Structures are given as C-alpha cells and as structure tokens.
Amino acid sequence: MVLVDAFREQAMKTTIRLVIVVIVLTVALGSIFGWKYLKMQEMGAKNSQAQPPSPVEAVTIESQSWRPGLSSVGSLRAINGVEVANEVAGVVSEVAFESGQSVSKGDVLIRLEDSVDQAALAALEAQAQLANETYQRYSNLLPRNAVSQSQFDEARANYQAARADAEQQRAQLNKKTIRAPFDGVVGLRQVDLGEYIAVGTPIVDLNMLDPIHVDYSVPERALDQVAAGRGIELTVAAYPERVFEGEILAIAPSINESSRTLNVRAQLENADGALHPGMFAEVSTLSADTRDVLTLPRTALSFNTYGDFVFRIVENDQGQTVASRQQVTTGSTRGDVVEIVDGLSAGDQVVATGLLRLRDGQPVKVTEQDAPEPQATNADEEAQG
C-alpha cells in the first residue's frame, strides 16, 4: 500500500507540472500571436491610406521640322596627311618641333649636320665668282678684239657650269633641313637628337586637320539621294552629343561591283581640331525636303516585352493627377531625341525621367516642365535598307 500511495503521489505531481507548462506555453504563444495580429492590423491601416503623389518632371510633346537623311558609316581622313621623311642621310643636329604641335608650311622640323656641305658650297661659290669675273672681263674685251670669240664662249660656259655646280650643292644642302610641306599638326616624334638616319627614315606624321574629309559609302539604290554640294551631318563616339556639319565634295564615278555601293567624300570644318583622321563616323546625308514630326527625349521612353512605352500625365475619375502607361511607336532618332510615330499627340504631357519607380495609375505631382531641346541641324538616323 505504501508503494501504491507513493506512485499515485508522483503521478499527481507530474500531471500538475504538465498542466503548468501547457498554461505557460499557451499564454506565451497567445501573446506572440496577439502582438503579430496587432502589427498586421496597423500595417493594413497604413496601406489603406492614400499614397502621397510622387514628384516627377514632365515634358510636353512638340512638333518639330526634321530633314530626313540617309544613314551611313565612314572614316575620317586628312585632306593632306604624310609621313615626313628625309631625302638624304645624316646625323640629326636639331629638332625644332614638339610632338602634337601645330606647324605652318615651311617651318623647320629637323636639321641634319651640314658643315661639310656648307664648306663644299662655299668652295663652289668661290669658283663661280672667279668664273663670273673672267666672263665679265672677256665681255669687255671682246668688242675691242682683245680676245677671240672662242675664248669668250669658253669663259661664259665655265661661268654657267660653276654657277650650276653651286646651285646643285645649295639644293643638296637645303635637303639637310626638313621643313613642313603644308600647314597641319605633327604627331609623335620618331627620331632623336644626334641619331644617324638613313634615307627615307620616318621622322613624324603631319596631318592637315582643318578642314577634314570623311569617306563613306551608300547603296547604289540611293544614288539619286547624293549629289555634290548636298549637306551632311556627322557624329563620332568621342563626342556623342555633338553634331558636325559639312557637305559632299565628290562622288566616285563608278559603283563597287562587289558591294554595290557608291563611295562618297564630304568635307567638314574642324577649326577646334576635335575630329582626327581614322575616326569611325556615323554620317547622315541630308535630303532637300523637311517633314514635321512629334519628338520626345530618350529619357522619357522605356521598354518592355510589348515594346516602347511612356507614362502620360492624366487625370483619373477621382480628379487625381496620375501616371498612365502608354505604348508608343518610335521612328527616327536625332542625338537624344526620338520621333514618336504613334501613341501620342502634340501637347500630351509625359514623365521625363525616373520611369523605373513609377507604376500605372500612380499619383504624381509635376515639379518641373521642360521642352525637348530642338535639334534642327541633326538628321534622321534611318536604316540603309
């Protein structure tokens, strides 16, 4: 009996402990779930409140006059560009230019050591002077028959030969001074002071940069769209926001049989030296006519799987100003401006920047309204074919 009573007492204690643990866990879990429920209620209340309008910048669709253009690619080349070299061998005694310097026609680039040539020229000039004095003396004596005609003729021939020898030596001496053949900009110096250079050693590149040429090609079907004197516009990767203007200088008389293209050369002003020979260029040959187009800056456009779209700024049924997503069809581009072919009308307002943080129907507040910069000098970048 004693053992039975002890067992019952132990079971009672265990049961009481379990009940206490269950009560404690119930209270703790109830508190946690209650707290979570209150937080969810607060979050729902906040979400149900109206969101404040997002500040956005807007731009108005405007109509502009564009000149259509035929797009091509080409390369820039100098009107005059040479690798200056020497005609005679010698040791460089003077370098008279710095790499990248602008030079004028006739400016000295380098001089070769010429002391031996100077001495030879002095000797030949002295011989020519002596021959000239003999010739002049015989000229005075011939009328008085003091010398024969043959002696006079010989003196004259000796003088002419001596003078020719001196001129030949002077020309040879002048070749020891290498000068710029035209105005331009020199490249990197390739010879050093005191260096012996053989005939034809490259000294420096010299290019005339203003004006400058661009060579490009157009398909033969576009032959009627190019003509000498027609305007062109050019852009290069180094200055993506800048448009350079020029005009067609010449057109090749024949079509390339392998590519069926026509080679064209145009000329552009380059007073600031921004364009350099060898640059890759995108060229647009302008047409004679203009057309009116609707334009938007590229920053106002976004893209999804359905195509290009913008956010129009409109009023909803409650009178709120909201951003409404609108699919659009784009056309040609000019720098940072895009032609809108379909989907918008002149006067529509669209969000100019920050499209990623907007959603369809979101309330917005216009903080600033800018018009797209007119780009009347740019040409359409239309595909060649």
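The coordinates are above.
Residues numbered from 1 in each chain as written. Predicted model: local features only at pLDDT ≥ 70, side-chain atom pairs only at ≥ 80, totals over all residues. Heavy atoms only, no water.

Enquirer: Even after reading the chapter, I still don't get the nonpolar core, so can you show me in this structure?
Expert: For soluble globular proteins, the rule of thumb is that nonpolar side chains tend to be buried together. In this structure, Leu-76, Val-214, Tyr-216, Ile-232, Leu-234, Val-236 and Leu-275 are the most contacted members of the largest nonpolar core, which totals 22 residues. Elements supplying a minimum of two residues to this core: strand E3 (69–78), strand E12 (212–219), strand E13 (231–236), strand E14 (239–251), strand E15 (261–268) and strand E16 (280–286). Contact partners of Val-236, with chain neighbours within four places excluded, come to Leu-76, Phe-244, Leu-275, Met-279, Phe-280 and Ala-281. Of all hydrophobic cores here, the second largest spans 18 residues; its members include Ile-110, Phe-182, Val-204 and Leu-206. (Core = buried A, V, L, I, M, F, W, Y, C linked by side-chain atoms within 4.5 Å. Buried < 20%, exposed > 50% of the residue type's maximum accessible area, 1.4 Å probe, protein only. Helix = DSSP H or I, 4+ residues; strand = E, 2+ residues; numbered from the N terminus. Contact = heavy atoms within 4.5 Å.)

Enquirer: Would you mind showing me how to read the pattern of salt bridges here?
Expert: A side chain with one charge can pair with a side chain of the opposite charge if their charged atoms come near. Enumeration over the complete set of coordinates arrives at 10 salt bridges. Lys-176 serves as the salt-bridge partner of Asp-117, at 2.7 Å between the closest nitrogen and oxygen. Separated by 59 residues along the polypeptide, Asp-117 in helix H2 (residues 115–141) and Lys-176 in the loop between helix H3 (149–174) and strand E8 (177–179) bring together distant segments of the chain. The exposure classification of Asp-117 matches that of Lys-176, with both residues buried. Each of the salt bridges in this network shares a partner with another, and the network as a whole consists of Arg-77, Asp-215 and Arg-265. (Salt bridge = Lys/Arg side-chain N within 4 Å of Asp/Glu carboxyl O.)

Enquirer: Explain the side chain of Thr-295 here, please?
Expert: With respect to the element layout, Thr-295 can be found in strand E17 (residues 291–297). On the basis of relative accessible area, Thr-295 is assigned to the buried category, the value being 0%. Within polar-contact distance, the side chain of Thr-295 engages the side chain of Gln-64 at 3.4 Å. (Polar contact = N/O pair within 3.5 Å; in protein donor to acceptor, adjacent residues only side chain to side chain.)

Enquirer: Whenever I open this one, the sheet that holds strand E21 (residues 329–334) confuses me. Can you help?
Expert: Strand pairing in a sheet relies on backbone hydrogen bonds, with the paired strands running either antiparallel or parallel. An order of E2-E17-E22-E21 is seen for the four strands of this open sheet, with the pairing classed as antiparallel. Two strands lie at the open edges of the sheet, namely strand E2 (62–66) and E21, each paired on one side alone. Averaged over all pairs of adjacent strands, the angle between their axes in this sheet comes to 50 degrees, without regard to strand direction. (Pairing = 2+ DSSP bridges. Axes fitted to C-alpha atoms, helices over the stretch in contact; angles between N-to-C directions.)

Enquirer: What is the right way to read the side chain of Lys-176 from this model?
Expert: You can call Lys-176 buried: its relative accessible area is 9%. A polar atom in the side chain of Lys-176 sits 3.3 Å from the backbone oxygen of Glu-113. Beyond its immediate sequence surroundings of up to four residues, Lys-176 is in contact with Val-88, Ala-89, Ile-110, Arg-111, Leu-112, Glu-113, Asp-114 and Asp-117.

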